[in-house]
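Results of the structural survey
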Amino acid sequence: MVLAFAGVSVASMAQDAVPTEKYSVATNSFWSNWFVQANVVGTAFWGNQEVHNNYAKSPFKGFRNNLGFSVAIGKWFTPGLGLRTKFNGIWGRSIVSTDKKTNANKYWTLNEQVLFNLSNMILGYNENRLWDLIPYASVGINRNMSRNVYSPVWGIGILNEFKINNKFAINLDVNYNFFMSKSDGRTHLLPGAKQYNSRSLKGIIANHDRNLNVEVGVTYNLGKATFNKTPDVDAIKALSQAQIDALNAQLADANAENDRLKAQIKNHKCPTATNAIDTKPATVKEIVSAPVSVFFNIGKANIASQKDVQNLKAIAEAAKANDAKIVVTGYADSKTGNANLNQKLSQKRADAVADCLVKLGVNRANIETSAAGGVNTLSPISFNRRATVELK
């Protein structure tokens, strides 16, 4: 379920994300990305000696649970992989009755755990992410101090970290651990109990002592807590090519406008005077302006960059000074969405630019808008998500 949710999140983010330069991270030093943790722990215990008897199995029963604490120290070697050493205890239960005082014991567990930060592994490293989902696996040793018994222990868990700032985070850690059947000091079955003889997963679990921990606490990051970004060479090349393509698109617009103006000048005929005495110089006023492109993010109709708004100011001033008409044409990329959706989106983009021009002082009656729908005239495809603005 977690992986499916993450996959949907990635797809959603890909649709709305603004194109940015991608990064890898540099290998950190040994002394970087260390952390310490302290937690309050609620623990429920089960023993193999009670299998099939009539004890309530709910973890909320007082004879089965107890409070404790845990402390840990760890290090992240990459944004997705880390190690943690954790100690927890010390008030536990050995399930020999339904009386919590009779069941009371003292124990400690020392675990070495491998952490997998799925948030960074699936969605990419982001030092500003507020929630990290971190499954882990652990092995270690347990000691029942009340009965002087040592036992190996292994388990799995999920650590949720909720970031406060670069130094502090809140923990919610849920883990399930297995012990040898003798770890609670019991070597025989309780009355009414009967061990599983099958090798099924349920039988293997029931024939071991085990506990469930729910831990709430704080993480403190020691020293440097983030990873240095290093530019990805392929990403830099792609970004440079994208910038070249954008310039080529603007150049193509300018050339098209130049061709239109040349044709207009070539076909223009100046008025001829009837005689030399009444002849007065005839003034022909031409406004020359290359089209301006305004770009949008995928699926959006709000102007993506304030730099494009600045470019609109020049054409707005020219239109106001000469009471000229402005033509705004909206586009969408044909690779995303259907034709009907792209037609509506391109119109919304044209209207958004027209609204911006009105705010810059242009008379709305002097603005014409049109929608070209989805096109595939520019490369990369993202540069077709635009509107062009030109004087008529």
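Notes on the nonpolar core
Among the nonpolar cores identified, the biggest contains 22 residues, and V294, L312, I326, V328, V353, L357 and V389 are the most heavily contacted of them. Setting aside its immediate chain neighbours within four residues, V294 contacts I303, D308, L312, V353, R385, R386, A387 and V389.

Details of the sheet that holds strand β8 (residues 168–179)
Pairing is antiparallel around the closed barrel formed by 8 strands, whose spatial order is β2-β3-β4-β5-β6-β7-β8-β9. Direction aside, the axes of adjacent strands within the sheet are offset by 25 degrees on average. Of the pairings in the sheet, the one linking strand β7 (residues 149–163) to β8 comprises 11 bridges and is antiparallel in character. Residue pairing across strands places K163 opposite A169, the latter belonging to β8.

Looking at unusual backbone geometry
Cis geometry marks the peptide bond from G89 to I90, where omega comes out at -5 degrees. Here I90 shows up in strand β4 (residues 81–93). For N33, which is not a glycine, the phi torsion comes out positive at approximately 65 degrees. Relative to the assigned elements, N33 resides in the loop between β1 (23–25) and β2 (34–46). Taking relative accessible area as the criterion, N33 reaches 4% and is therefore assigned buried. Unlike most non-glycine residues, D323 shows phi in positive territory, near 50 degrees. As for its position among the elements, D323 is in the loop between α6 (306–322) and β12 (326–333).

Thoughts on the pairing of β12
The buried fraction of β12 amounts to 8 of the 8 residues, a majority that puts the element mostly inside the structure. What joins β12 to strand β13 (residues 367–375) is helix α7 (residues 339–359), and the crossover it makes is right-handed.

Topic: the packing of aromatic side chains
If you walk through the whole model with that rule in mind, you get 13 aromatic pairs. Ring centres 5.1 Å apart and planes at 85 degrees place the aromatic pair Y176 and F178 in the edge-to-face group. Given a relative accessible area of 24%, Y176 falls into the partly exposed group. A relative accessible area of 15% places F178 in the buried class. Site record: aromatic cluster; members linked through ring pairs are F69, F87, W91, W108 and Y150. Positioned above the aromatic ring of Y136, the side-chain terminus of R84 is 4.8 Å from the ring centre. The ring of Y331 carries R386 above its face, with NZ or CZ at 5.3 Å from the centroid.

Focus: α7
A rise of 1.5 Å per residue sets the reference length of α7, with its 21 residues, at 30 Å; its end C-alpha atoms lie 30 Å apart and thus fit the reference within 8%. All of the buried residues along α7 are N342, L345, S346, R349, A350, A352, V353, A354, C356 and L357. Close packing links the buried residues of α7 with β11 (292–295), α6, β12, β13 and β14 (386–391). A positive phi of about 105 degrees marks G361, the residue just after α7.

Re α6
Taking 1.5 Å per residue, 17 residues should reach 24 Å; α6 reaches 25 Å between its end C-alpha atoms and fits that length. Within α6 the residues assigned to the buried category are D308, V309, L312, I315, A316 and A319. On its buried side, α6 packs onto β11, β12, α7 and β14. The positive-phi residue at the C-terminal boundary of α6 is D323, with phi of around 50 degrees.

Quick notes on the confidence of the model for the protein
Looking at the protein, pLDDT values average 84 and 83% of them are 70 or higher. Here residues 1–22 scores under 50 on pLDDT; set against residues more than four positions off or in separate chains, the count is 21 contacts.

Concerning a nonpolar patch on the surface
Taken together, L130, W131, F162, I164, F168, I170, L172, V174, V214, V216, V218 and Y220 make up a surface patch of nonpolar side chains, about 990 Å² in accessible area. Mapped onto the nonpolar patch, the elements with two or more residues apiece are β8 and β9 (209–222). Tracing the chain through its elements places F168 in strand β8. For F168, a relative accessible area of 37% translates into the label partly exposed.

A word on the sheet that holds β14
An order of β11-β14-β12-β13 is seen for the 4 strands of this open sheet, with the pairing classed as mixed. Of all strands in the sheet, those bounded by a partner on one side alone are β11 and β13. Here the average twist between neighbouring strands, direction ignored, is 20 degrees. With 7 bridges connecting them, β12 and β13 associate as parallel partners. Across the sheet, I326 pairs through a bridge with I367, a residue of β13. Lying on the sheet, α7 is in contact with β11, β12, β13 and β14; it crosses β13 at an angle near 150 degrees.

So, how was this worked out
- Residues numbered from 1 in each chain as written.
- Predicted model: local features only at pLDDT ≥ 70, side-chain atom pairs only at ≥ 80, totals over all residues.
- Heavy atoms only, no water.
- Core = buried A, V, L, I, M, F, W, Y, C linked by side-chain atoms within 4.5 Å.
- Buried < 20%, exposed > 50% of the residue type's maximum accessible area, 1.4 Å probe, protein only.
- Contact = heavy atoms within 4.5 Å.
- Pairing = 2+ DSSP bridges.
- Helix = DSSP H or I, 4+ residues; strand = E, 2+ residues; numbered from the N terminus.
- Axes fitted to C-alpha atoms, helices over the stretch in contact; angles between N-to-C directions.
- Right-handed = clockwise from strand over helix to strand, strands pointing away.
- Phe/Tyr/Trp six-rings, centres within 6.5 Å; stacked < 30°, edge-to-face > 60°.
- Lys NZ or Arg CZ within 6 Å of the ring centre and 35° of its normal.
- Expected span 1.5 Å × (residues − 1).
- pLDDT = per-residue confidence, 0-100.
- Patch = residues over 30% accessible without salt bridge, like charges linked within 9 Å, V, L, I, M, F, W, Y side chains within 5 Å.
- Areas by Shrake-Rupley, 256 points an atom, 1.4 Å probe, with all protein chains shown as cover.
- Salt bridge = Lys/Arg side-chain N within 4 Å of Asp/Glu carboxyl O.

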